[in-house]
Number of protein chains: 2
Amino acid sequence: MSPTRILILGALLDGPMNGYGVRRRLEIMGADQWANVAFGSIYHGLSKMADEGLLDVVEAGKGGKVVYAVNDTGRMEFYRLLMGSWSTVQPIIDPFQVALTFMDRLRKEEIVAALHERRRQLAMNVEATAQAVGAKQRYGAPGHVNENLRLMGAMLQAQLDWVEQAIPRVESDELP
Amino acid sequence: MSPTRILILGALLDGPMNGYGVRRRLEIMGADQWANVAFGSIYHGLSKMADEGLLDVVEAGKGGKVVYAVNDTGRMEFYRLLMGSWSTVQPIIDPFQVALTFMDRLRKEEIVAALHERRRQLAMNVEATAQAVGAKQRYGAPGHVNENLRLMGAMLQAQLDWVEQAIPRVESDELP
DNA sequence: TGACAGCTACTCAAATTTGAATACAAACTT
DNA sequence: AAGTTTGTATTCAAATTTGAGTAGCTGTCA
C-alpha cells in the first residue's frame, strides 16, 4: 500500500546497506521529494522485513549498526509490488485538492489573492523542475530518474494551467 | 500535515454531526477518492480535536453515538490550515512515481506491455472523470467540487501524455 | 411476525509513521 | 591539542492510521 517497502527493497537491490545508506540512496533518487517516507520508517521497515524473511542481516555491527541485504524472497516481493504499481492506476494525492474543496469558505478577494500567489509559486516550481532535469546524473542517479522530474513538471504545469483559467472565473463570480 | 484534521473541520462547518455523518459528507465531496482518510481516523480525529478544545461535544448519546460541533477555536484552526494549503505548494504524491523510479528493473517487453496496459487504464480514467463532472451536484455537493474533478482529469491527462510519448522511446531503447 | 439485507455507528488492537533525541566519528579550526 | 561543526547511524515514545469486528436500527418481503 504505502511506498515504504518497495522503496527500501529497491534501494537494497543496489547492494547491501544499512538504514542510513538506504536513506541516502532514496535521496539521490529524489524519492524524498515525492514520497513521504520519514527516516524512522526506514529502520522500522528494515527490521520488519528482516523478521518476515525478505531481508537478511549481513552484518550486525557493534553500536547498533546493521547491514541488510535482499534475499530471493525479498526480490520476488519487490517484483510483485513493482508490477502492481505499474498496472494499477491509483489516485494521485494532491494536497491542493483540500484547498479547492473548501474554496467557498473564503471571500472573493482572499481567493483571488491566493490564486495569484499560487501562480507565482507554481511558475517557480515548474522552472526549478525543468532546471533539475539533467542535474541529477552527477549524483549517481540512473538516467530515467529524469522521467520522474518530467512527469512531475507536467503535473505542476497542469496545476498552473488550472490556476490561470480559474483567476478570471473567480473575478467574474463564475466561481465558486 | 495530513489532511485529516482540515477535512473533519470542514465537514463540521456544515453543522453538528457524528463521525458517520462526517464520513458521508467527505464521500459526497469526493474526498474519499483523493485523500487517504480511513474512517477509523475520523473518530480518532474527532475525539482528539475535542480534547484539544477545537470541537464541542453537542450530544453524547447512549450507545456511543456522539455529535460534535466546531467552536470558534476550531473555526480559526480551520481557517489557518486552509490558508496554509492554498499558499504552500506541497509535493504531489503519485504512486506511479515508484514504478517509474525502478523502471530499469524490468525487461524491455515487460515495460512496453505495462505501458500499453497503463495507457488503456488511464484513457478509461480520463473518460470516467469527464463523465463525473456534472454528476456530483445531484448528491448535494457544492458546484466547485467539479473543479476538483477537472484538476484531477488534467493530471490524468498529463500521465496519459507521458505514457504515450514513453512507448516509442522504450521501443527504440532510448529508455530506460 | 420473523428473518434477512442493508444501513448506521463506533471500538479497538495492531501496524505504521513521525521526528526529536542521542551518540559517536571525522574533518576542520584556532 | 582542545574545541567545534558536519556527517553517519540509530532508537524510541508518542501520535496516527488502519480496517476487521461488533452491534443496533430500519425496511421489506414472505
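Going by what an unreviewed UniProt entry lists, chain A is known as Transcription regulator PadR N-terminal domain-containing protein and is assigned to Nonomuraea aridisoli.

Caption draft 1: Quick look at the relation of the copies chain A and chain B. Rotating chain A by 180 degrees about the axis while translating it 0.0 Å along that axis superimposes it on chain B, leaving an RMSD of 0.0 Å. Taken together, these values place the two copies in the relation of a two-fold axis. The C-alpha atom lying nearest the rotation axis in chain A is that of Ile93(A); the distance is 2.5 Å.

Caption draft 2: Quick look at the interface of chain A and chain B. In this complex, chain A contributes 62 residues to the contact, which on the side of chain B involves 62 residues. Across the chain A/chain B interface, buried area totals approximately 6,300 Å², and carbon plus sulfur atoms make up 67% of it. Our enumeration of links across chain A and chain B arrives at four salt bridges. Between Arg169(A) and Glu147(B) there is a salt bridge whose closest N-O contact spans 2.9 Å. Inspection of the chain A/chain B interface yields 19 residue pairs in polar contact (both at pLDDT 80 or more). Secondary structure elements with two or more residues in the side of chain A that touches chain B: helix 1 (4-12), helix 3 (31-34), helix 5 (72-87), helix 6 (96-101), helix 7 (108-132) and helix 8 (145-171) of chain A. If you tally residues by element for the side of chain A that touches chain B, the top one is helix 8 of chain A, at 13 residues. Split by residue class, the side of chain A that touches chain B holds 38 nonpolar, 15 polar and nine charged.

Caption draft 3: Geometry of the protein's contact with DNA strand C. In the vicinity of DNA strand C lie 18 residues, with Ser2(A), Ser41(A), Lys48(A), Tyr20(B) and Val66(B) positioned nearest. Within 4 Å of the protein, the contacting atoms of DNA strand C are 69% sugar and phosphate, with bases supplying the remainder. Within the backbone of Val66(B), an N or O atom sits 2.8 Å from a phosphate oxygen of DNA strand C. Elements that contribute at least two residues to the surface near DNA strand C include exactly helix 4 (39-51) of chain A together with helix 2 (19-29) and helix 4 (39-51) of chain B. With five residues, helix 4 of chain A is the largest single contributor of residues to the surface near DNA strand C.

Caption draft 4: Representation of the domain arrangement of chain A within the structure. Domain boundaries assigned for chain A yield domain 1 (4-87) and domain 2 (96-171). In this structure, domain 1 of chain A and domain 2 of chain A have C-alpha centres spaced 31 Å apart.

Caption draft 5: Structural detail: the nonpolar core. Formed by 103 residues in total, the largest nonpolar core has its most connected members in Trp86(A) and Trp86(B). Sequence-distant contacts of Trp86(A), defined by excluding residues within four places in its chain, comprise Phe96(B), Ala99(B), Leu100(B), Met103(B), Leu106(B), Ile111(B), Ala114(B), Leu115(B) and Arg118(B).

Caption draft 6: Layout of the pairing of strand 2 (residues 66-70) of chain B. All names here are of chain B. Counted residue by residue, strand 2 has four buried out of five residues, so it is predominantly covered. Bridge count for strand 1 (residues 55-60) against strand 2 is five bridges, and the pairing is antiparallel. Pairing of Ala60 across the sheet is with Val66, part of strand 2.

Thresholds applied
- Residues numbered from 1 in each chain as written.
- Chains lettered and ligands numbered in written order.
- Predicted model: local features only at pLDDT ≥ 70, side-chain atom pairs only at ≥ 80, totals over all residues.
- Heavy atoms only, no water.
- Least-squares fit on C-alpha atoms with pLDDT ≥ 70 in both.
- Contact = heavy atoms within 4.5 Å.
- Buried area = accessible area lost by both parts, 1.4 Å probe.
- Salt bridge = Lys/Arg side-chain N within 4 Å of Asp/Glu carboxyl O.
- Polar contact = N/O pair within 3.5 Å; in protein donor to acceptor, adjacent residues only side chain to side chain.
- Helix = DSSP H or I, 4+ residues; strand = E, 2+ residues; numbered from the N terminus.
- Nonpolar A, V, L, I, M, F, W, Y, C, P; charged D, E, K, R; others polar.
- Near = heavy atom within 4 Å.
- Domains from an automatic or database assignment.
- Core = buried A, V, L, I, M, F, W, Y, C linked by side-chain atoms within 4.5 Å.
- Buried < 20%, exposed > 50% of the residue type's maximum accessible area, 1.4 Å probe, protein only.
- Pairing = 2+ DSSP bridges.

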